[in-house]
Amino acid sequence: MIHCEHYQRGECRSCQWLETPYAIQLEQKTVHLQQQLHGLDESHLTWFEPFQSPVAQFRNKAKMVVSGAVERPILGILPNPLDQQSAVDLCDCPLYPQRFQALFPILKDFIARAGLVPYNVAKQKGELKHILLTESQHSHQLMLRFVLRSENKLPLIQRELPELRKKLPQLAVISVNIQPQNAAILEGSKEIFLTEQHTLPEKFNNIPLFIRPQGFFQTNPQVAEGLYGTAQQWIKHLPIESLWDLFCGVGGFGLHCLQALQQQNQQKTIRLTGIEISASAIAAATQSAEELGLHEQVNFQSLDAANFALNHADKPDLVIVNPPRRGIGKSLAEFLNQMQPHFILYSSCNAETMGKDLQSLTHYHMKKIQLFDMFPHTSHYEVLVLLRLMP
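Draft legend 1. Structural context of the pattern of salt bridges. All chains considered together, the criterion is met by 15 salt bridges. For E135, the salt bridge goes to R99, with nearest N and O atoms at 2.8 Å. Of the two residues, E135 sits in strand 5 (residues 128-135) while R99 sits in the loop between strand 4 (88-89) and helix 3 (100-114), which places them 36 residues apart along the sequence. A residue is classified by how much of its surface remains accessible, and E135, at 5% relative accessible area, is buried. A residue is classified by how much of its surface remains accessible, and R99, at 42% relative accessible area, is partly exposed. For the salt bridge of E241 with K268, the shortest nitrogen-to-oxygen distance reads 3.0 Å. Highlighted residues: E241 in the loop between helix 5 (221-235) and strand 11 (242-246) and K268 in the loop between helix 6 (252-264) and strand 12 (271-276), separated in sequence by 27 residues. Its relative accessible area of 40% is what places E241 among the partly exposed residues. A relative accessible area of 41% places K268 in the partly exposed class.

Quick look at the structure:
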């Protein structure tokens, strides 16, 4: 258990399970996962112990609502967006790395110097809505994003930027995101880069990955590295010459698996097709493949994953699916049943929709399963399942 003043005072309840001992949290998540598999054939299934997370300082990203006054900004949450008095400063949140605590006072000073008036939802006035700060666990470089209502304050930000970069030389990527709507939307579509560098390099298991603004990236790097590494270990000795990575994001699963398979089969050329709706994520995945020297074996495309699969004739040996919380859905599950790749590797952030999808994958046995505790102190977790085509 960790101590948090904000939780004790009832100011922040993001960590609903904070008072539950960590071992009990894992037990409860395991029971929940087992319930989602009820009615499925587990006779071929090997369960692995849950992959544990550090209980504190495990997040690589801070998403801060900015409120208060320009000379005394508050970075944290605003439980009631219409009441500025409800603001809670979370600069000392125990989920962030200790290094972050030295950064926030410098950022608050920058806000004041640049005259970035915090946005007031009730009055629909002000400019600065959020600050998004992401750290690479590999290099400890930082990506800083300001979410603004308009471009009006851009000259003031640019004026003060050299001094900020002098104080925080680890700032590698700085950008401004424009979100003009008076709505509970974190960011808009327009991103204005203030640095030459547009991506934050990360590395898991010696696989280079790139974090981009507006792209999804796991917020618990130690558990994410374990998740990708486990996928690699599970498939590297299987007879696979071609694979699809659907909902591939920045390519973490596909590139981990491709490299492991290629190292085991140096006489053959293994092929990877990665599909993801986000063009930004595809750009990052392509960059990783180039750094690994695997770009000639890889085809990353910005498409809808389900539509791609349903309209593609080739049959891979392995299909990796890492869908959003809604799961892969009945039509894609039925398509996989018909296409019959030898193996499916299913990574899920919602075991309930995963359970329904597994019910639909009637031609497959579950072979391996492991829970990854990506989100300690909450009911959320991730799961990895290896499925094999029935003989």
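Draft legend 2. Looking closely at unusual backbone geometry. You will see that N206, though not glycine, has its phi angle at about 65 degrees, which is positive. Note on placement: N206 falls in the loop between strand 9 (200-204) and strand 10 (207-211). One non-glycine residue, F247, lies in the positive phi region at around 60 degrees. Locating F247 in the fold gives a position in the loop between strand 11 and helix 6. Given a relative accessible area of 14%, F247 falls into the buried group.

Draft legend 3. Fine view of the sheet that holds strand 2 (residues 61-69). Read across the sheet, seven strands follow the order 4-3-2-5-6-7-8 without closing on themselves; strand pairing throughout is mixed. Each edge of the sheet is formed by a strand with only one pairing partner; in this case those strands are strand 4 and strand 8 (190-193). Across the face of the sheet, helix 3 comes into contact with strand 2, strand 3 (72-77), strand 4, strand 5 and strand 6 (142-148) while running at roughly 145 degrees to strand 5. Strands in contact with helix 4 (residues 154-167) are strand 6, strand 7 (171-178) and strand 8; relative to strand 7, the strand with the most contacts, it is inclined by about 165 degrees.

Conventions used here
- Residues numbered from 1 in each chain as written.
- Predicted model: local features only at pLDDT ≥ 70, side-chain atom pairs only at ≥ 80, totals over all residues.
- Heavy atoms only, no water.
- Salt bridge = Lys/Arg side-chain N within 4 Å of Asp/Glu carboxyl O.
- Helix = DSSP H or I, 4+ residues; strand = E, 2+ residues; numbered from the N terminus.
- Buried < 20%, exposed > 50% of the residue type's maximum accessible area, 1.4 Å probe, protein only.
- Pairing = 2+ DSSP bridges.
- Contact = heavy atoms within 4.5 Å.
- Axes fitted to C-alpha atoms, helices over the stretch in contact; angles between N-to-C directions.

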